[in-house]
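# Geometric and topological summary
One letter stands for each residue in the lines below.
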Amino acid sequence: MFALSDGDFDLAAVQLLIEERPGQVSELLERAQLPPVVRSSVNAFLIDTGEARVLVDAGAGELQGPGLGRLEASLRKAGYAPEDIDAVLLTHLHPDHVGGIARAGRRVFPAAEVWVDARELVFWCDGTRSAQVDASVRASFDGAMASLRPYESAGVLRSFQPGEQPVRGLRTMGLEGHTAGHTGFMVESEGERLIVCGDVLHVAALQLAEPRLAIRYDSEPALASDAREHLLATAAGRGDWLAAAHAPFPGIGKVRRDGPGYAWLPLAQATAA
């Protein structure tokens, strides 16, 4: 498995995180020694199953700022070309996950099928639903449709239901709340389990300490918090690996209980433990 960086962007934590009480976010930022505006990584992940080369999420492409759109360069640095990818699995259809699959109306991954939860397709390909989401993510409707269109035209856009295996060895896992069909992808090997968990975390240090802390990007904040709490409890209890889109690059680690919340063990630390 390879972690691939698409770059990073500024996230205004004080404005975007949804406080349960006044001053909560500022207190957590101070405790974590973070500024009010934090740098947020955008990570994608390449899994070579031996049968298929699978990309989970594809970065922002041309849909967001100049700090993003570096996925293809990261892929080539890892020794792969876009033509090598057999399948792209999308955790959801926000721009920083789907934008990298297309450029100027053409497929970036010409040999790949693109897979997404059926509920995501229904929601984000219907611009009349824009009033149902926070203003911060309304551009997702146009971005999703533009990114998916070349694959739909080529007949290689696919959908799945929670629990299905779009690619042998990768099982889908419903993490609804951030979006209607926000999905994790679970792979097991040699007794260990890894879950690519999309946007369960945006500001990891804060949302691990306070798992109920939602963000305005969430379509249903309470449901997103429920999904985060359940995933973190399960991963801590089982010792699962997590691969998170917005944890500091490479975004791979484990979590352990830490008081009422959790602590992140980055890849190197978790491997040595």
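Report on the accompanying structure. Residue numbering note: each chain is counted from 1, following its sequence as written. Given that the model is predicted, a residue must reach a pLDDT of at least 70 before its local features are reported, and side-chain atom pairs must reach 80 or more before they are shown or counted; all residues, however, enter totals for whole chains, interfaces and linings. Hydrogens and water are ignored here; the side-chain numbers use all heavy atoms of the structure.

For the rest of this paragraph, the subject is the pattern of salt bridges. The term salt bridge refers to a side-chain nitrogen of Lys or Arg lying within 4 Å of a carboxyl oxygen of Asp or Glu. This model, assessed by the stated rule, comprises 17 salt bridges. Across the salt bridge formed by Arg-53 and Asp-48, the nearest N and O atoms sit 3.6 Å from each other. Each residue's exposure class comes from its accessible area (1.4 Å probe, protein chains only) as a fraction of the maximum for that residue type: buried when under 20%, exposed when over 50%, partly exposed otherwise. Among the residues examined, Arg-53 registers a relative accessible area of 32% and is labelled partly exposed. A relative accessible area of 38% means that Asp-48 is categorised as partly exposed. One salt bridge connects Arg-129 with Asp-126, and the closest N-O pair in it is separated by 3.3 Å. Given a relative accessible area of 24%, Asp-126 falls into the partly exposed group. Connected through salt bridges with shared partners, the residues Asp-8, Asp-10 and Arg-39 form a single ionic network.

Over its 18 residues, helix H8 (residues 221-238) runs 26 Å from end to end, which matches the ideal 26 Å to within 8%, given 1.5 Å per residue. Residue Gly-239 follows H8 closely and has a positive phi angle near 75 degrees. Helix and strand definitions follow DSSP, with helices as H or I runs of at least four residues and strands as E runs of at least two, each counted in order from the N terminus. One less than the number of residues in a helix, times 1.5 Å, gives the span that helix is expected to have.

All right, on to the packing of aromatic side chains then. Two rings from Phe, Tyr or Trp (for Trp, the six-membered ring) form a pair when their centres sit within 6.5 Å of each other. Planes less than 30 degrees apart are called stacked, planes more than 60 degrees apart edge-to-face, and all others tilted. Considering all chains together, one arrives at 5 aromatic pairs under this definition. When the ring of Phe-160 is compared with that of Phe-185, the centres are 5.8 Å apart and the planes differ by 80 degrees; the resulting orientation is edge-to-face. Of the two residues, Phe-160 sits in strand S9 (residues 157-160) while Phe-185 sits in strand S11 (residues 183-189), which places them 25 residues apart along the sequence. Phe-160 gets classed as buried once you look at its relative accessible area, which sits at 1%. The structure contains a cluster of three or more aromatic residues connected by ring pairs, namely Phe-123, Trp-124 and Phe-141.

Counting buried positions over the 5 residues of strand S12 (residues 192-196) gives 4, a clear majority of the element. Two strands qualify as a pair provided DSSP detects at least 2 bridges between them. Bridge analysis of S11 against S12 gives 5 bridges, and the strand direction is antiparallel. The residue of S12 that forms the bridge with Glu-188 is Arg-193. Hairpin remark: S11 followed by S12, antiparallel, with 2 residues in the connecting loop; positive phi at Glu-190, about 50 degrees. Two strands pair when backbone bridges link them, and S12 and strand S14 (residues 241-243) are joined in this way by 3 bridges, in the parallel orientation. In the sheet register, Val-196 faces S14, and the bridge partner there is Ala-243.

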